[in-house]
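Working through the structure, step by step
Letter by letter, the chains look like this.
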Amino acid sequence: MARGEDGPTDLCLAVPPFASVSFPQLGPAVLKAACAQRGIATRIIHGNLALAARIGLDAYEAVEGTAMRAMVADHLFRDYAYPHEIVAELPAPPPLTADDQRVFDAAAPAIEPMIAVRVTCPAMSRRPMS
């Protein structure tokens, strides 16, 4: 196993949810290789793949396929991205159309467990190298 995959990690790169699961995300892979050449232990957390696995490919691609202006992903992650007191001060996001609300409803129950189990725990379990 490559350095940084099983042991201490200096840098954790995240591929965020709703990045395409149909095409590889080359940026993190290239950056990881460059880091490895410099002795920096790097791990990639594929939030996109973790969420797609949890909610199913159809639900994932439905969110990915909504118009950016609908901000469905923003609606899904808003309460987890900021402390509650900050969320209370943010302007309300635009309301979802009925179709976008159905897409949101299919994905929403999986967001909190995915963040807690698939992303936060693996990232936080790594200890920085001294």
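The text that follows walks through the structure, step by step, so that each part is easy to find. (Residues numbered from 1 in each chain as written. Predicted model: local features only at pLDDT ≥ 70, side-chain atom pairs only at ≥ 80, totals over all residues. Heavy atoms only, no water.)

**Quick notes on the pairing of strand E1 (residues 11-15)**
The test is simple: We treat two strands as partners when DSSP finds at least two bridges between them. Only DSSP runs of H or I reaching four residues or more are called helices, and only runs of E reaching two or more are called strands; each is numbered from the N terminus. We call a crossover right-handed when, viewed with both strands directed away from the observer, the connection leading from the first strand over the helix to the second proceeds clockwise.
Here E1 runs beside strand E2 (residues 42-46); their pairing, made up of 5 bridges, is parallel. From the neighbouring strand, Cys12 faces E2, where its bridge partner is Arg43. Chirality of the crossover, the property in question, places the unit of E1, helix H1 (residues 26-37) and E2 among those that are right-handed.

**Considerations on H1**
Formally: One less than the residue count of a helix, multiplied by 1.5 Å, gives the span that helix is expected to have. Think of it in three bands: with a 1.4 Å probe and only protein chains considered, a residue is buried below 20% of the maximum accessible area for its type, exposed above 50%, and partly exposed in between. As used here, the arc is the angular range of directions from the helix axis to the C-beta atoms. Should any heavy atoms of two residues lie within 4.5 Å, those residues are counted as being in contact.
Under the 1.5 Å per step criterion, the end-to-end length of H1 is 17 Å for 12 residues, consistent within 8% with the ideal 16 Å. Residues of H1 that are buried include every one of Pro28, Lys32 and Cys35, and no others. Summarising the axial view, the buried residues of H1 lie within an arc of 65°, below the 170-degree limit, and thus occupy one face. Opposite the packed face of H1, turned more than 90 degrees from it, sit the exposed residues Leu26, Val30 and Gln37. Those residues of H1 that are buried are in contact with E1 and E2.

**Notes on the packing of aromatic side chains**
Note on aromatic pairs: each is described by the distance of the centres and the angle between the planes. Filter applied, for reference: Centres within 6.5 Å make a pair out of two Phe, Tyr or Trp rings, where for Trp the six-membered ring is used; the pair is then stacked when the planes are under 30 degrees apart, edge-to-face when over 60, and tilted otherwise.
Applying the stated criterion to the full structure yields 2 aromatic pairs. With 5.0 Å between their ring centres and 20° between their planes, Phe18 and Tyr60 make a pair best called stacked. Taken together, the residues Phe18 in the loop between E1 and H1 and Tyr60 in helix H3 (residues 57-64) connect sequence positions 42 residues apart. Pair check on accessibility: Phe18 and Tyr60 agree, each one buried. For the ring pair Phe18 and Phe77, a centre distance of 6.2 Å and an interplane angle of 70° mean the geometry is edge-to-face. Taken together, the residues span a long stretch of sequence, with Phe18 in the loop between E1 and H1 and Phe77 in helix H4 (residues 72-81) at a distance of 59 residues. There is no split in this pair, since Phe18 and Phe77 are both buried. Through successive ring pairs, a cluster of aromatic residues spans Phe18, Tyr60 and Phe77.

**Notes on the nonpolar core**
Here is the rule we go by: The criterion is simple. A nonpolar core is a set of buried Ala, Val, Leu, Ile, Met, Phe, Trp, Tyr and Cys residues joined through side-chain atoms within 4.5 Å.
In this structure, Phe18, Leu51, Ile55, Val63, Val72, Leu76 and Phe77 are the most contacted members of the largest nonpolar core, which totals 19 residues. Listed by contribution, the elements that provide at least two residues to this core are helix H2 (47-55), H3, H4 and helix H6 (98-124). Counting residues per element, this core draws most heavily on H6, which supplies 6 residues. Excluding anything up to four places from it in sequence, Leu76 contacts Phe18, Val63, Phe104, Ala107, Ala108 and Ile111.

**What about the pattern of salt bridges?**
Note the threshold: A carboxyl oxygen of Asp or Glu within 4 Å of a side-chain nitrogen of Lys or Arg is what we treat as a salt bridge.
Tallied over the full model, the rule gives 1 salt bridge. Arg102 is the partner of Asp99 in a salt bridge, and the nearest nitrogen-oxygen pair spans 2.1 Å. Taken as a pair, Asp99 and Arg102 lie in helix H6 at a separation of 3 residues, close to a single helical turn.

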